[in-house]
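# Residue-level structure breakdown
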Amino acid sequence: MTTENNTENLVLEHLRTIRNDITAFRSETRAELNDVKHRLGRIEEQIVGLRLDIVGA
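Read on for a plain summary of the structure. (Residues numbered from 1 in each chain as written. Predicted model: local features only at pLDDT ≥ 70, side-chain atom pairs only at ≥ 80, totals over all residues. Heavy atoms only, no water.)

### With respect to the overall build of the protein
- Looking only at helices and strands, one finds one helix and zero strands in the protein.
- Computed over the C-alpha atoms, the radius of gyration of the protein is 25 Å, more than 25% above the 10 Å expected from 2.2 N^0.38 for a compact globule of 57 residues.
- Taken along its principal axes, the extent of the C-alpha atoms in the protein is 80 × 10 × 5 Å.
- For the protein, buried positions account for 0% of its 57 residues.
- Per element, the accessible surface of the protein, about 5600 Å² overall, is 58% carbon and sulfur.
- The centroid of the 8 positive side-chain charges in the protein is displaced by 6 Å from the centroid of its 10 negative side-chain charges. (Helix = DSSP H or I, 4+ residues; strand = E, 2+ residues; numbered from the N terminus. Rg over C-alpha atoms; globule rule 2.2 N^0.38 Å. Buried < 20%, exposed > 50% of the residue type's maximum accessible area, 1.4 Å probe, protein only. Areas by Shrake-Rupley, 256 points an atom, 1.4 Å probe, with all protein chains shown as cover. Lys, Arg positive; Asp, Glu negative; His and termini not counted. Charge placed at Lys NZ, Arg CZ, Asp CG, Glu CD.)

### Observations concerning the pattern of salt bridges
- Inspection of every chain in the model, using the stated rule, returns two salt bridges.
- Of the charged contacts, one joins R39 and D35 as a salt bridge, the two residues approaching to 3.9 Å between their closest N and O atoms. You can see R39 and its partner D35 sitting in helix α1 (residues 3-56), four residues apart, about one turn around the helix.
- Of the charged contacts, one joins R42 and E45 as a salt bridge, the two residues approaching to 3.9 Å between their closest N and O atoms. Here the residue R42 and the residue E45 both occupy positions in helix α1, the gap between them amounting to three residues, near one helical turn.
- Owing to a relative accessible area of 44%, R42 belongs among the partly exposed residues under this scheme. (Salt bridge = Lys/Arg side-chain N within 4 Å of Asp/Glu carboxyl O.)

Coordinates in, geometry out; function isn't part of it.
This is how it looks when you write it as structure tokens:
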């Protein structure tokens, strides 16, 4: 193997690692975003309930 091939393989290895890291980050971010959306939905429901309590009072 030549030095050029070694360098090319090293670069490809680093690019694969970066791609895998980005994929994992995206997956974690999606999961966290879904959690935030769920929690925000619950807060919205509670606000609506409070408004209904005020109107009904």
